[in-house]
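Close look at the chain arrangement
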Amino acid sequence: MTEGSPLDEILRLLGEMNELELEKVDLTLEELRFIFRPLMTVVPPPVKEAVPAKPLSLLEAEFSPFVQEYPGSIAEVTLGATSADGGTRRKVVKIGGETAPPWHFLEGKFPNPPAIAGDVFDMPVPLPGPVRAVLGDAIEDPIKWAKLAVEKFGADLVDIELVSSDPYSKNTPIEESCKLVENILQAVDVPLIVGGSGNPEKDAKLLPKIAEVCEGERVLLSSANLDMWEPVAKAAKQYGHVVLAWTSIDMAQAKELNRRLYEYLPKEQIVIDPTSAPLGYGIEYAFSIMERIRLAALMGDAELQCPMGSATANAWGAREAWLHNPEMGPREYRGPMWETAMALAMLMAGNDLYITLHPAAIRTMKDVIKWLMGEKGEPTFMPWIGVK
């Protein structure tokens, strides 16, 4: 094969195009050699990257948390009165005064810890077995029950519910109910919450009379609502008490009731009770209403700038708290934990005052509140959640 021959041209074309189709061509060759190039390419060995040295310390950087400013604040409400203020209580209980959302210590002040009241009824009422077991025969005697709540359970206040005055129950005379309240004032030295019968016609007469006989003690009258608020507001103004403003899980109703109460009372004499649904029966809705009320107040809504109260004893209204069911665990523990879980949810929503039934719930709530407020001491609830 000589240079410049047709074969050279063929090889050149093959080199450029990698493909050549010949037709009707005769080749006379002394030697024909095919050289096939392998398709596989040689991969160079990987380059081993250098391993960075293990850091011995964290990078230092300045942390500047975002701080929201709130134009509104919650009124401070005083419950009870000492001898210096015309009452007979050993000390007063103050709630409210917050200037930021619940437990946002970076954004505001929390001058007063939430308070815990022990629930007491003026007559034996159906109660779950775990509650009856810890109260014993005190259920038969409201004065003994009140002393138990304060001296043994550590309640900050006593909530006496005058349910026997309901005309559809025992219809206890007003004078007799007033006498019981006076006796409880002598038996314990903490502030009182006095609840009516639940009958609006009876309570419109009962609560003003309670206000009169408790003049100077600054009790919390429970409660006023949109159907019966004016007699309670007038009595609270005349005798210097505080009113629990109850509405049924409705922020608009809470605003409307407070607007009417403001005709007689300042914010410092009102506690909002927006109703607390128990765990398993709408607690998330109750939480949402409380949270919205608190945030609206902090953002400047003057009609909602009052502390809030919650009847966490309502937790026992859920049958899961006391039902005999081994698969749900021992109800002696389940019930108090049910009530505690409900109270903790309200605590995170900004609630200031709790009406509680079981002593384990009272103790745990006081323990959690002290821990959140930065008080020293080993919290007793840590073993519950496995924290060491």
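Preceding this section is the structure that the text describes.
Since we're looking at a predicted model, the values are computed, not measured.

Definitions and cut-offs
- Residues numbered from 1 in each chain as written.
- Predicted model: local features only at pLDDT ≥ 70, side-chain atom pairs only at ≥ 80, totals over all residues.
- Heavy atoms only, no water.
- Helix = DSSP H or I, 4+ residues; strand = E, 2+ residues; numbered from the N terminus.
- Rg over C-alpha atoms; globule rule 2.2 N^0.38 Å.
- Contact = heavy atoms within 4.5 Å.
- Areas by Shrake-Rupley, 256 points an atom, 1.4 Å probe, with all protein chains shown as cover.
- 1 Å grid on protein atoms, 1.4 Å probe; cavity = no way out; pocket = protein on both sides within 12 Å on 5 of 7 lines; lining within 4 Å.
- Points joined across faces, edges and corners; volume = space filled by probe spheres on them.
- Nonpolar A, V, L, I, M, F, W, Y, C, P; charged D, E, K, R; others polar.
- Buried < 20%, exposed > 50% of the residue type's maximum accessible area, 1.4 Å probe, protein only.
- Arc of directions from axis to C-beta.
- Polar contact = N/O pair within 3.5 Å; in protein donor to acceptor, adjacent residues only side chain to side chain.
- Phe/Tyr/Trp six-rings, centres within 6.5 Å; stacked < 30°, edge-to-face > 60°.
- Axes fitted to C-alpha atoms, helices over the stretch in contact; angles between N-to-C directions.
- Parallel < 35°, antiparallel > 145°, perpendicular 65-115°, else oblique.
- Left-handed = near helix turned anticlockwise from the far one by under 90°.

In this section: the overall build of the protein. On a plain count of helices and strands, the protein comes out with 11 helices and 10 strands. Compactness check: the protein gives a C-alpha radius of gyration of 38 Å against a globular reference of 21 Å for 388 residues, more than 25% above the reference. With the C-alpha coordinates aligned to their principal axes, the bounding extent of the protein is approximately 135 × 50 × 50 Å. For the protein, the proportion of contacts with a sequence separation of at least 24, taken over those separated by at least 6, is 66%. As presented, the protein carries roughly 21900 Å² of accessible surface, and 55% of it is formed by carbon and sulfur atoms.

Take the layout of surface pockets next. Quantified by volume, the second largest pocket comes out at close to 670 Å³. When contributions to the lining of the second largest pocket are tallied by element, the ones reaching two or more residues are strand S3 (115-121), strand S4 (157-161), helix H5 (200-213), strand S6 (220-224) and strand S7 (242-246). A class-by-class count of the residues in the lining of the second largest pocket yields 13 nonpolar, 9 polar and 6 charged.

On to helix H7 (residues 251-261). Every buried residue belonging to H7 is among Met251, Ala254, Lys255, Leu257, Asn258 and Leu261, and all of these are buried. Buried residues of H7, viewed axially, fall in a sector of 165 degrees; they line one side. Buried residues along H7 sit against S6, helix H6 (230-239), S7, strand S8 (270-273) and helix H8 (283-298). Where H7 begins, the capping side chain belongs to aspartate 250, and its oxygen is found 2.9 Å from the backbone nitrogen of alanine 252.

Let us look at the packing of aromatic side chains. Under the counting rule described, the total for this entry stands at 5 aromatic pairs. Between tryptophan 103 and phenylalanine 105 the ring centres are 5.9 Å apart and the planes differ by 50 degrees, which places this aromatic pair in the tilted class. For phenylalanine 105, a relative accessible area of 43% corresponds to the partly exposed category. On the numbers, 6.0 Å between centres and 10 degrees between planes, the contact of tryptophan 103 with phenylalanine 110 is stacked. A relative accessible area of 18% places tryptophan 103 in the buried class. Taken together, the aromatic side chains of Trp103, Phe105 and Phe110 make up a single cluster linked through ring pairs.

What follows covers the packing of H8 against helix H9 (residues 331-349). The N-to-C vectors of H8 and H9 enclose an angle of 25 degrees; their axes lie 8 Å apart at closest approach. Comparing the axis directions of H8 and H9 gives the class roughly parallel. Classified by chirality, the crossing of H9 by H8 is right-handed. Residues Ile283, Ala286, Phe287, Met290, Glu291 and Arg294 of H8 lie in contact with H9, whose contacting residues are Met342, Ala345, Met346, Met348 and Ala349. Among the residues making up the contact of H8 with H9, the classes are represented as 9 nonpolar, no polar and 2 charged.

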